[in-house]
Every structure is written in C-alpha cells, then in structure tokens.
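# Inside the fold
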Amino acid sequence: FEKPAPAVSRAGTLRVNETGEFIVVSGKGFNVAFDRSAGAMTSFQSGGRELIESGGVPSLSRVKVDNELRQNPKPSPAWETAADHAVVESVKVAEADGRVSVVVQKTLPTVKVDQTTEYTVFGNGDVMVEATFNLEQTPESLTLPLRVGMEWAIPAQFNTMEWFGRKGETYADRNFEPIGLWS
C-alpha cells in the first residue's frame, strides 16, 4: 500500500537566515527555527501559532512490558539516557529545488550510535523529517534498543490529531486493521 501524494502543492518562496547559533527558514505565513548547538528544531510557527514546544530529540527507549522485565539479558538501561549525552557533530544547510534542507549529525557516545536527521522545509510550510540511526559500532554487550525514534512535544491546546496508518495498535499482529486517514 502506498501513501497518497500530498494534495497541496509544496511550492513557495523560502528565505534562510543564519545568525550564529540559529537557522530560521521562513515562507509565506510560517517560520521554522533550528538551534545549531542543540542540533534540533526549536520552533515551528504557522499562522502566528507555535506548533511545537520541543523536537527532534533522539529516543532509544520506552516503558518495558512484563516479558522484557523478566527476560535475560535484560534491556540495557544505557538506552534510557543515551540522548542526554548526545554530541552535535555538524549542522549543514542546503537550498535546492525550492526547498531548504537542514542536516544534523549527532553522536550518542554512551551507546556508540550515530544519528543523522534531515529536516526538509518546503515552500508551502511542510516539513519532512527523516532520521537514521547507525548502530554498527554499538557494543554487543548492549541489547538492542526497544525503540528507535525521536521525541517531540506539542502545545497542550493541540489535543486532537490526524494520522495516516492503522486506526488502532500498530503492532505487526494487527495487520488486519485497515490503513487510512484517522483522527
């Protein structure tokens, strides 16, 4: 099943303002800001409203279920704090084809993981986030992380959301659930 293409054109004029530690990408009615020292998106404003409180923090842990608490070897606690020790290696900005790309490279030294996150800002205000985690150098003594992803915080007034995917749980054994647009 393929995700349908966006119905809205991604065209629009973008401006990039790099001042010291901050990168701000602006378009008609929106601003997206990045903090070089944190290596993360720190603000996403659209129509005068802030859409995020924080974003792009690596997350390599989750709450353990009963089976994981009893398993041997146990999931390593190192994953729970790995993001606290992240080191930003580089932040690069590129403009091409009417979009702006901000590529952040981080190292999580306590678990020997490299993370690359590419934020692509389009002229209509869409932001695509692609994150990759390289665990090739992670010691075998660490069990694999229970989750690989990123944490984002949104303002409390956004208490309704819409997503593309399965309506209920997204575990592999729930593949009988229909795929669609849900809220």
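This section reports on the structure supplied with the text. Keep in mind the model is a prediction, meaning the values are calculated, not measured.

### A short note on the sheet that holds strand β10 (residues 127-134)
Read across the open sheet, the 4 strands follow the order β7-β8-β9-β10; overall the sheet is antiparallel. The open sheet has two free edges, formed respectively by β7 (87-96) and β10, since each of these has just one partner strand. Pairs of neighbouring strands in the sheet enclose a mean axial angle of 15°, with direction left out of account.

### Let's talk about the nonpolar core
The tendency in soluble globular proteins is for nonpolar side chains to be buried as a group. With 24 residues, the main nonpolar core has Phe-34 and Val-102 as its most contacted residues. Of all the secondary-structure elements, those providing two or more residues to this core are β2 (22-27), β3 (30-35), β4 (40-46), β8 (99-108) and β9 (113-122). Beyond its immediate sequence surroundings of up to four residues, Phe-34 is in contact with Glu-21, Phe-22, Ile-23, Val-25, Ala-40, Met-41, Thr-42, Val-102, Tyr-119 and Val-121.

### Some points on the pattern of salt bridges
Inspection of every chain in the model, using the stated rule, returns 1 salt bridge. Across the pair Arg-36 and Glu-18 runs a salt bridge whose closest N-O atoms are separated by 2.2 Å. Residue Arg-36 is found in the loop between β3 and β4, and its partner Glu-18 is found in strand β1 (residues 15-19); the two are separated by 18 residues along the sequence. The exposure class of Arg-36 is partly exposed, given its relative accessible area of 21%.

### Regarding the pairing of β7
Looking down a regular strand, the side chains alternate between one sheet face and the other. One ladder, built from 9 bridges, connects β7 with β8; its direction is antiparallel. Counterpart to Ala-94 in the pairing with β8 is Ser-101.

### A short note on unusual backbone geometry
At Asp-97, a position not held by glycine, the phi torsion is positive, near 50°. With respect to the element layout, Asp-97 can be found in the loop between β7 and β8. The phi angle at Lys-112 is positive, at roughly 55°, despite the residue not being glycine. Looking at where Lys-112 falls in the secondary structure, it is placed in the loop between β8 and β9.

Rules used throughout
Residues numbered from 1 in each chain as written. Predicted model: local features only at pLDDT ≥ 70, side-chain atom pairs only at ≥ 80, totals over all residues. Heavy atoms only, no water. Pairing = 2+ DSSP bridges. Helix = DSSP H or I, 4+ residues; strand = E, 2+ residues; numbered from the N terminus. Axes fitted to C-alpha atoms, helices over the stretch in contact; angles between N-to-C directions. Core = buried A, V, L, I, M, F, W, Y, C linked by side-chain atoms within 4.5 Å. Buried < 20%, exposed > 50% of the residue type's maximum accessible area, 1.4 Å probe, protein only. Contact = heavy atoms within 4.5 Å. Salt bridge = Lys/Arg side-chain N within 4 Å of Asp/Glu carboxyl O.

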